[in-house]
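Residues per chain are reported as follows:
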Amino acid sequence: MKGYMDAVIDDCDTIIIDDFWGDPNQHGIWKVDETRWPDMRGFVDAQHAKGRHVLLWVCAFANGLPEEECRSHVHNIESPVWQARLREDARRMLSDEPGCYNADGVKFDFTSAMTPAQEGDQFRGVGFMMERFRLLYDALTAVKPEAMIVCQCLNPYFVPYQTVIRLNDYFAHPIHGLEEMGTRARVAKAVGCGIPIDTDHISFNTFTYEGGYDYYRQMDSFGTVSVYVNREDIEEP
């Protein structure tokens, strides 16, 4: 399987290990699940040797975290304990120190998830989202200044805290995918101040490829080509 996987991703310059390389029941714990990834550092270093970058998927959900570090279902960004965890997670994921993964950045997902506002909150609404972006960006770039941070936030106020704008998944009928993703791409180009665009994908888990091919044929005109590879895609034919 490994040889076939290498052939599938041969032309890729960046690999994202998507949802989830940690415990799938604990999205708030950004540590590798060694039962599925027994040598994450070895995999990352091997990709670097082939000239590729590796990003790790993380998200705003806090399941698995102690009560003090979460509010509702997301991170408690005002908790000093969670902020310390974030800095340590960033070191573990991006540092080239022994015991760390040496990844090149993250894909940060579910960025619209927020906590219900409470009296005494310092950050609410868009302010909450921006502060979470800032904390993540500062933690990652403190470890690796050139870190790649992929987020799906088409808003110029958030551009300083993301290095790639992601168009986000499209889950409606594929026949409408080209029009919808084209609109998203135009918005991303308008607000992104020139940062790269991750064209993401049209989901084919439910639908056939019919209708979705139009988007894939034109994807490179919208931004960086993005191809999702599932387990069944890397099985030997």
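First, a word on what this report is: a plain description of the structure on this page.

**As for the pairing of strand 5 (residues 105-109)**
The two faces of the sheet receive side chains in turn, since in a regular strand these alternate between them.
For step 1, the next point in the chain: Counting buried residues in strand 5 gives five out of five residues, a clear majority hidden from the surface.
For step 2, the next point in the chain: In strand 5, alternate side chains face the same way, and those of Gly105, Lys107 and Asp109 on one face and Val106 and Phe108 on the other are all buried.
For step 3, the next point in the chain: Of the strand pairs in this sheet, strand 2 (residues 53-59) and strand 5 are connected by five bridges, and their pairing is parallel. Bridge pairing links valine 58 to phenylalanine 108 in strand 5.
For step 4, the next point in the chain: Sheet topology note: the strand 5/strand 6 (residues 148-151) ladder contains three bridges and is parallel. Bridge pairing in strand 6 links lysine 107 to valine 150.
For step 5, the next point in the chain: Handedness of the strand 5-helix 4 (residues 125-143)-strand 6 crossover: right-handed.

**Section: the environment of cysteine 193**
For step 1, the next point in the chain: Its place among the elements puts cysteine 193 in the loop between helix 5 (177-191) and strand 8 (197-198).
For step 2, the next point in the chain: Accessibility expressed as a relative area gives 64% for cysteine 193, which makes it exposed.
For step 3, the next point in the chain: A sequence separation of 34 residues divides cysteine 193 from valine 159, and the C-alpha atoms of the two residues are 7.5 Å apart.

**A closer look at empty space enclosed by the protein**
For step 1, the next point in the chain: One pass over the full model with this rule turns up one cavity of 30 Å³ or more.
For step 2, the next point in the chain: Estimates place the volume of the largest cavity at around 30 Å³.
For step 3, the next point in the chain: Taken together, Trp30, His75, Trp82, Leu86, Phe108, Arg132 and Leu136 form the lining of the largest cavity.

**Examining the pairing of strand 6**
For step 1, the next point in the chain: Direction of pairing for strand 6 relative to strand 7 (residues 164-166): parallel, over a ladder of two bridges. Paired with cysteine 151 across the two strands is isoleucine 165, which belongs to strand 7.

**Remarks on helix 6 (residues 213-222)**
For step 1, the next point in the chain: Those residues of helix 6 not exposed but buried are Tyr215, Met219 and Phe222. In an axial view of helix 6, the angular spread of the buried residues amounts to 75°, which keeps them on one side of the axis. Opposite the buried face of helix 6, at more than 90 degrees from it, the exposed residues are Arg217 and Asp220.
For step 2, the next point in the chain: At its buried positions, helix 6 is contacted by helix 5 and strand 8.

**Some remarks on the packing of aromatic side chains**
For step 1, the next point in the chain: All told, the structure shown has 11 aromatic pairs when counted by the stated rule.
For step 2, the next point in the chain: Ring plane angle 65° and centroid distance 6.0 Å describe the contact between tyrosine 137 and tyrosine 161, whose orientation is recorded as edge-to-face. Taken together, the residues tyrosine 137 in helix 4 and tyrosine 161 in the loop between strand 6 and strand 7 connect sequence positions 24 residues apart.
For step 3, the next point in the chain: A connected cluster of aromatic rings, assembled from ring pairs, spans Phe20, Trp21, Trp57, Phe61, Tyr101 and Phe110.

Parameters and conventions
- Residues numbered from 1 in each chain as written.
- Predicted model: local features only at pLDDT ≥ 70, side-chain atom pairs only at ≥ 80, totals over all residues.
- Heavy atoms only, no water.
- Buried < 20%, exposed > 50% of the residue type's maximum accessible area, 1.4 Å probe, protein only.
- Helix = DSSP H or I, 4+ residues; strand = E, 2+ residues; numbered from the N terminus.
- Pairing = 2+ DSSP bridges.
- Right-handed = clockwise from strand over helix to strand, strands pointing away.
- 1 Å grid on protein atoms, 1.4 Å probe; cavity = no way out; pocket = protein on both sides within 12 Å on 5 of 7 lines; lining within 4 Å.
- Points joined across faces, edges and corners; volume = space filled by probe spheres on them.
- Arc of directions from axis to C-beta.
- Contact = heavy atoms within 4.5 Å.
- Phe/Tyr/Trp six-rings, centres within 6.5 Å; stacked < 30°, edge-to-face > 60°.

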